[in-house]
Amino acid sequence: MACVVARQDLRAPAVLALETLVVAACSYAGGRLGLLRGLTVEGAVVSPVWPPTGVAVAFLLLLGPRCWAGIALGALFVLMHLTSLRLASVGVLAGNTAAPLCGYFLLRTAGFRTDLSRLRDCLSLVFLGAFAAMLISSTTGAALLVGTGDLQAGKVWSVWLAWWVGDAMGVLLITPVLLLLPRVRAPAHPGRWKEVVGLVVLAGCLVPLATFSPASTLFVIYPLLILAALRFELPGSMLCALFASVLATIAATDRTGPFQHLSDVEIMVNLQAFNGAMALTALLLSAVITEQHNTRRSVERACQELVEVLEHLTAGEAAARPPRDEDDRPRNTG
């Protein structure tokens, strides 16, 4: 018994260290990807979708608050890649770590479930995990830029808004995908594989055409999201939304397609409005459809159980009824 306890005591720090390194590596990789396609707003480079916030919230929901050190370490690596560390970097690091932690505690207080099978879970992720919690990181970062003289006070609101929306988009687009990936199963029916291939081909043709065409046809992506939500619920719709967001961000930073004649601020506003509307459509519509499917399955299961109970009662009554004697039968007296 003592040996078993000793092994468990030795294993716990090793597991924690491994989890910290994995979270830090994923956060750093997400930061590097986010920095590849940044947009300039009032002289500050801001990512339209900041993946580390989505990675951090997802790992917190899956592993718990013990992985906060990995989030802070990943944010530190990103800051070291961007610039030399200064005293203001400590504030940015604290804000980028505190915002996902705040989102995690708000979601747990609201009774959030990671399967995202209820509409209330998706609404909690939108308003608590994304919109409310990310106010911490954006406010801290913008205030530090003003305090250090890197940003004029009159331009703070544009940078703050872009920062906040970018962090929120990371939660709305990345967190659901990471939460649902472990639950994705290969379709058992051959017909479903045909639907999967058809959706992939349709998305591969339609999304690049919409995001890189100068005819401003981004709206044609929404029927694709609706189709994906109807047939594959949240996994299908969120993967399509993430794919469309990546291509739209590439088109915006390259100033091609519907973004080619816009200013920096107009590009940021249009891109973030598109990403936000698309993420909300995919997330909330899929949640409603999933709830309806779960309700229908529950009703069908209850009806089946009721039928089985009635059959059992009918069989029991028939077995308990005494057989009728030949002499008890009614006679025809003529």
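This is a predicted model, so every value here is computed, not measured.

**Description of unusual backbone geometry**
- One non-glycine residue, Leu116, lies in positive phi territory at about 55°.
- If you trace the backbone, Leu116 turns up in the loop between helix H4 (87-109) and helix H5 (119-132).
- Despite not being glycine, Ser216 shows a phi value in the positive range, around 55°.
- With respect to the helices and strands, Ser216 occurs in the loop between helix H8 (190-212) and helix H9 (221-253).

**Some remarks on the side chain of Ser137**
- With respect to the secondary-structure elements, Ser137 resides in helix H6 (residues 134-147).
- For Ser137, a relative accessible area of 2% gives the class buried.
- At 3.2 Å, the side chain of Ser137 and the backbone oxygen of Met134 are in polar contact.
- Sequence-distant contacts of Ser137, defined by excluding residues within four places in its chain, comprise Gly95, Asn96, Ala99, Trp163 and Asp167.

**A few points about a nonpolar patch on the surface**
- Side chains of Leu306, Val309, Leu310 and Leu313 sit close together on the surface and give an oily, nonpolar patch of about 370 Å² of accessible area.
- By secondary structure assignment, the location of Leu313 is in helix H10 (residues 264-320).
- Leu313 gets classed as partly exposed once you look at its relative accessible area, which sits at 47%.

**Examining the UniProt feature "transmembrane region" (unreviewed entry) in the protein**
- Under the feature "transmembrane region" (unreviewed entry), the UniProt entry names residues 12-35, 55-80, 87-107, 127-147, 159-179, 199-222, 234-253 and 273-290.
- Taken end to end, residues 234-253 is 100% helix and 0% strand, and its two terminal C-alpha atoms sit 28 Å from one another.
- Note that residues 273-290 is 100% helix and 0% strand, and that its end C-alpha atoms are spaced 25 Å apart.

**Quick notes on the nonpolar core**
- Counting 67 residues, the largest nonpolar core has Ile221 and Leu283 as the members making the most contacts within it.
- Those elements giving two or more residues to this core turn out to be strand E1 (39-41), helix H2 (51-63), H4, H5, helix H7 (156-180), H8, H9 and H10.
- For this core, the element with the highest residue contribution is H9, accounting for 14 residues.
- Mapping this core onto the domain boundaries places at least three of its residues in each of domain 1 (9-182) and domain 2 (190-315).

The rules behind each value
- Residues numbered from 1 in each chain as written.
- Predicted model: local features only at pLDDT ≥ 70, side-chain atom pairs only at ≥ 80, totals over all residues.
- Heavy atoms only, no water.
- Helix = DSSP H or I, 4+ residues; strand = E, 2+ residues; numbered from the N terminus.
- Buried < 20%, exposed > 50% of the residue type's maximum accessible area, 1.4 Å probe, protein only.
- Polar contact = N/O pair within 3.5 Å; in protein donor to acceptor, adjacent residues only side chain to side chain.
- Contact = heavy atoms within 4.5 Å.
- Patch = residues over 30% accessible without salt bridge, like charges linked within 9 Å, V, L, I, M, F, W, Y side chains within 5 Å.
- Areas by Shrake-Rupley, 256 points an atom, 1.4 Å probe, with all protein chains shown as cover.
- Salt bridge = Lys/Arg side-chain N within 4 Å of Asp/Glu carboxyl O.
- UniProt positions renumbered as here; feature names shortened; annotations may be inferred.
- Core = buried A, V, L, I, M, F, W, Y, C linked by side-chain atoms within 4.5 Å.
- Domains from an automatic or database assignment.

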